[in-house]
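# Chains, contacts and geometry: an overview
So you can see what is in the structure, the chains are spelled out below.
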Amino acid sequence: MYTMLLVLHSAFRWLVVFSLLLSLYRSYRGYWGNRPFTRTEDRIRHWTATIAHVQLMIGMVLYFQSPLIKAFLQDVGSSRESFALLFFGMIHSTLMLAAIVLVTIGSALAKRKPTDRLKFKTMLVWYTVAAIVILIAIPWPFSPFAARPYFR
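Only a predicted model underlies this, so the values are computations on that prediction, with no experimental measurement involved.

### Observations concerning the environment of G89
- For G89, the position within the fold is in helix α5 (residues 83–112).
- Classification of G89 by relative accessible area gives buried; the value is 5%.
- Distance in space between the C-alpha atoms of G89 and K119 is 35 Å, their sequence separation being 30 residues.
- G89 has contacts with Y63, I69 and F72, leaving out every residue within four places of it along the chain.

Right, dumping it as structure tokens:
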């Protein structure tokens, strides 16, 4: 089960990244182009948050199944000396949780804004910050923190 979750979590990150980039593109275009916030934009907003939440749920299940996390939790004090354990045990999970909170808040606030321009602006601000956090916290192959392959 652990291997399947790891592959699913690794593959699903691309949906998260793609949906965030699509939302940011549509928000940028809508805000600067004074476009209407259509049903399509609302669906993209909604699905971006939904995809992020699904990824969070997969990640949480994976977190408690991971042998890396079990090693981290057995001795948190000495685990901090191994940056890979520290990254996955604390940094990755904390930053990703924070990013999903940002996406959730941004989505909820955008839905409630009275004008189309404010909806686009809200999504643009909150989703940009969330995207930056996510891109920092993903263990990319070139990452100095914890390198992992693009696909598992």
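And the narrative resumes.
### Here's the deal with helix α6 (residues 116–137)
- If you check α6, its first and last C-alpha atoms are 31 Å apart, about what 22 residues at 1.5 Å a residue would give, namely 32 Å.
- Buried residues of α6: K119, F120, T122, M123, L124, Y127, A130, A131, V133, I134 and A137, and no others.
- In this structure, the buried residues of α6 make contact with α1 (2–32), α2 (39–65) and α5.

### Comments concerning empty space enclosed by the protein
- The full count for this structure, using the stated rule, is 1 cavity of 30 Å³ or more.
- Every residue lining the largest cavity is listed: V17, L20, L21, A131, I134 and L135.
- Grouping the amino acids of the lining of the largest cavity by side-chain chemistry returns 6 nonpolar, no polar and no charged.

### Some details on the layout of surface pockets
- By volume, the largest pocket is sized at about 730 Å³.
- In terms of residue class, the lining of the largest pocket is made up of 20 nonpolar, 8 polar and 3 charged.

So, how was this worked out
Residues numbered from 1 in each chain as written. Predicted model: local features only at pLDDT ≥ 70, side-chain atom pairs only at ≥ 80, totals over all residues. Heavy atoms only, no water. Helix = DSSP H or I, 4+ residues; strand = E, 2+ residues; numbered from the N terminus. Buried < 20%, exposed > 50% of the residue type's maximum accessible area, 1.4 Å probe, protein only. Contact = heavy atoms within 4.5 Å. Expected span 1.5 Å × (residues − 1). 1 Å grid on protein atoms, 1.4 Å probe; cavity = no way out; pocket = protein on both sides within 12 Å on 5 of 7 lines; lining within 4 Å. Points joined across faces, edges and corners; volume = space filled by probe spheres on them. Nonpolar A, V, L, I, M, F, W, Y, C, P; charged D, E, K, R; others polar.

Honestly, that's just the spatial picture; any functional story needs more than this.
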